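# Structural overview
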Amino acid sequence: MQEKLTAIVAGVQESAPKLQTRAEFEAYKATISGPKGALTDVMKGMGKVPKEDKPAMGKLINEAKTAVQAAFDRVVERIEAAELAAKLGPAIDPSLPAPDSTRGTLHPIAQVREEMVALFRRIGFSVAEATEVETEHYCFDALNIPSDHPARDMQDSYYLPDDLRVNNVSKLGDEKYLLRTHTSTVQIRTMLESKPPIRIVAPGRCFRRDTPDATHSANFHQIEGLYVDKDVTLLDLKATLDHFVKTIFGPKAKTRLRPSFFPFTEPSFEMDFFSPDLGKLSNKWIEIMGCGMVDPEVFKAVGIDPEVYTGYAFGMGIERIAMILQNVDDIRYYYQNDVRFLKQFA
Ligand code: DAH
């Protein structure tokens, strides 16, 4: 019996490495551990082994079974690896040009952002940035937004935990951090860092607690504009906005400033535009931004003398402009990353 077992194990160890396919393996395995297999046969002989020899024989059989199983496991592992390699095909050379020649493009919102930024750059604006995490001071107080303003409510903004520390976002006191609700924060950060003349646009992401629907998203984008110098007047603002609207929506587009209120500008306006060739939106006034002359309180908050300097500011949602230009009627399309949608703007 013992010799038989040794022979079986030796046979398996010699034959197993030569098995190439699953079928070969299954057929071979049957000759060893199948119902009529050699190892099964030896096990059947246990009945005839004298009682006192049984424990020793049982031990030998178990050792043989373990050795055979180990050899079989190696075969399965090897065959599976070979099957996978066959499925994957030849190794890829990453230095070769991509077989798929379609290249990605900028996201439609980024395309409109770039177009707007390029326009303002051509007329002397540079691009300023600040963080998306802000403090209440820079998001509200410095912009003359009173403490009872609804934007400051927990329900309207995303506040961050009190014990959070963000090293690259300076705090004035122990005010809370929140996700910026508008890009007007960049006005403050820029005026604190640089002296007039200042002429910047600040494109960026903003956050407000909103229930998503066709025109609202909790996460959206704005472009802020700020021009501070001696003798900046409302005429400069109007001329800049006229130029912006005509460049973006075509030379026949007109602008209108409608009196409004923002805590950080005085006077404040909503700017509407009107275009005769805008499809469904033709020939009606469409509101696209808030603007005005920088409020003296804001200048005081950043240490600029309002007796010497004046300035204008404006802010608008990029999605709103994109939806008009790209004929998109639901803002949610921009965030779903459905290639069928995105491809239309490639
Ligand atoms: N920050 C305002 C908002 O999010 C938009 C705005 C209005 C920005 C007037 C301005 C401005 O710079 O002058 O609703």
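Rules used in this analysis
Residues numbered from 1 in each chain as written. Predicted model: local features only at pLDDT ≥ 70, side-chain atom pairs only at ≥ 80, totals over all residues. Heavy atoms only, no water. UniProt positions renumbered as here; feature names shortened; annotations may be inferred. Helix = DSSP H or I, 4+ residues; strand = E, 2+ residues; numbered from the N terminus. Expected span 1.5 Å × (residues − 1). Contact = heavy atoms within 4.5 Å. Buried < 20%, exposed > 50% of the residue type's maximum accessible area, 1.4 Å probe, protein only. Pairing = 2+ DSSP bridges. Near = heavy atom within 4 Å. Polar contact = N/O pair within 3.5 Å; in protein donor to acceptor, adjacent residues only side chain to side chain. Areas by Shrake-Rupley, 256 points an atom, 1.4 Å probe, with all protein chains shown as cover. 1 Å grid on protein atoms, 1.4 Å probe; cavity = no way out; pocket = protein on both sides within 12 Å on 5 of 7 lines; lining within 4 Å. Sits in = over half its atoms within 2 Å of the grid points. Nonpolar A, V, L, I, M, F, W, Y, C, P; charged D, E, K, R; others polar. Core = buried A, V, L, I, M, F, W, Y, C linked by side-chain atoms within 4.5 Å. Axes fitted to C-alpha atoms, helices over the stretch in contact; angles between N-to-C directions. Parallel < 35°, antiparallel > 145°, perpendicular 65-115°, else oblique.

The name given to the protein in an unreviewed UniProt entry is Phenylalanine--tRNA ligase alpha subunit, with the source organism recorded as Thalassobacterium maritimum. The annotation that UniProt attaches to the protein under Subcellular location (unreviewed entry) is "Cytoplasm".

Under the 1.5 Å per step criterion, the end-to-end length of helix α4 (residues 54-88) is 50 Å for 35 residues, consistent within 8% with the ideal 51 Å. The elements touched by buried residues of α4 are α1 (2-15), α2 (22-33) and α3 (38-44). Immediately downstream of α4, the backbone of Gly-89 shows phi near 80°, a positive value.

Attention shifts here to the pairing of strand β7 (residues 265-274). For β7, the buried fraction is high: eight of the ten residues fall into the buried class. Sheet topology places strand β6 (residues 254-262) next to β7; eight bridges connect them, and they run antiparallel. In the sheet register, Pro-259 faces β7, and the bridge partner there is Phe-269. Connecting the antiparallel pair β6 and β7 is a turn made up of two residues.

Quick look at the site of the ligand now. Near the ligand you find 15 residues, and of these His-182, Ser-184, Arg-208, Gln-222 and Glu-224 are the closest. At 3.0 Å from an oxygen atom of the ligand is found a side-chain nitrogen or oxygen belonging to Gln-222. Note that an oxygen atom of the ligand is positioned 3.2 Å from one of the backbone N or O atoms of Ala-313. The protein chains hide 88% of the 350 Å² of surface that the ligand would expose on its own. A majority-of-atoms criterion places the ligand in the largest pocket. Counting residues per element, the ones that place at least two in the shell around the ligand are β5 (219-229), β8 (286-294) and β9 (310-317). Taken together, the residues of the shell around the ligand sort by class into five nonpolar, eight polar and two charged.

Here the focus is the environment of Pro-306. Mapped onto the fold, Pro-306 is located in the loop between α9 (296-301) and β9. Judged by its relative accessible area of 25%, Pro-306 is partly exposed. Considering only alpha carbons, one finds Pro-306 and Lys-252, 54 residues apart in sequence, at a separation of 37 Å. Leave out the neighbours within four places in its chain, and Pro-306 touches Pro-296, Phe-299 and Lys-300.

On to the nonpolar core. Of all hydrophobic cores here, the largest spans 40 residues; its most connected members are Met-116, Phe-244, Phe-249, Phe-273, Ile-288, Phe-314 and Ile-321. Only α5 (108-122), β5, α8 (234-249), β7, β8, β9 and α10 (318-326) provide two or more residues apiece to this core. Look past the residues within four positions of Met-116 in its chain and what remains in contact with it is Ile-223, Phe-244, Ile-248, Met-316, Ile-318 and Ile-321. Among the nonpolar cores identified, the runner-up in size contains 25 residues, and Ala-128, Val-186, Met-191 and Ala-313 belong to it.

Turning our attention to the packing of α1 against α4. In contact at an axis separation of 9 Å, α1 and α4 are set at 5° when each is read in the N-to-C sense. Between α1 and α4, the angle falls in the class roughly parallel. Residues Gln-2, Leu-5, Val-9, Val-12 and Gln-13 of α1 lie in contact with α4, whose contacting residues are Met-57, Leu-60, Ile-61, Ala-64, Ala-67, Val-68, Ala-71 and Phe-72. Class assignment for the residues of the contact of α1 with α4 results in eleven nonpolar, two polar and no charged.

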